[in-house]
Every structure is written in structure tokens, then in C-alpha cells.
Amino acid sequence: MRPLNEVTEQAITLLAREIGIADTVRFINQFGSGYGNYTEERDSIIGDPTLEEILSSLEQTQPENS
């Protein structure tokens, strides 16, 4: 039986070759529990915007059609 770190290294190498580095990282990241409190952090950044505020923000970021 091989050590787990060797199996992990081979698996990551295979994933990167088959699906690319970016998707391999995305795949691996889904298993991390992260840290902090996402809800509190999101609320401190975004707050509680109204629908009108959200739509206005979206309209401001859309490029003008010529």
C-alpha cells in the first residue's frame, strides 16, 4: 500500500492533465471548510440592498450599446 501523500500527488497530477489546472483547483477547493463567517462578511460588504439598488448597480456596469 502506497502512502496517502503519493496517491494524492498522483491524483492531482492526473486531474490537472485531464481537466486543467483551474478546474483541478476548483474541484479541490470544494472540500475545504474555509474559515470565518461567510454570512457576516457578505453582509458587511454588500449590506441589504433593495431590488432597485441592485438593478441600478447592474445598469451602471453594463456597457452602452452603440
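To be clear, the structure that these remarks concern was listed above.
Residues numbered from 1 in each chain as written. Predicted model: local features only at pLDDT ≥ 70, side-chain atom pairs only at ≥ 80, totals over all residues. Heavy atoms only, no water.

1. What to know about the packing of aromatic side chains
Okay, step 1: By the definition in use, this model includes one aromatic pair.
Okay, step 2: Judged by centre distance (5.2 Å) and plane angle (80°), the rings of Phe 27 and Phe 31 are edge-to-face.
Okay, step 3: Assessed through its relative accessible area of 60%, Phe 31 is described here as exposed. (Phe/Tyr/Trp six-rings, centres within 6.5 Å; stacked < 30°, edge-to-face > 60°. Buried < 20%, exposed > 50% of the residue type's maximum accessible area, 1.4 Å probe, protein only.)

2. So, the pattern of salt bridges
Okay, step 1: Enumeration according to the criterion identifies three salt bridges in this entry.
Okay, step 2: A salt bridge links Arg 17 to Glu 18, with the nearest nitrogen and oxygen atoms 3.8 Å apart.
Okay, step 3: By relative accessible area, which is 57% here, Arg 17 ends up exposed.
Okay, step 4: Salt-bridge contacts for Arg 26 lead to Asp 23; the nearest nitrogen and oxygen are separated by 3.2 Å. Of this pair, Arg 26 and Asp 23 both sit in helix H2 (residues 21-29), separated by three residues, roughly a single helical turn.
Okay, step 5: The partly exposed category is assigned to Asp 23, whose relative accessible area is 36%. (Salt bridge = Lys/Arg side-chain N within 4 Å of Asp/Glu carboxyl O. Helix = DSSP H or I, 4+ residues; strand = E, 2+ residues; numbered from the N terminus.)

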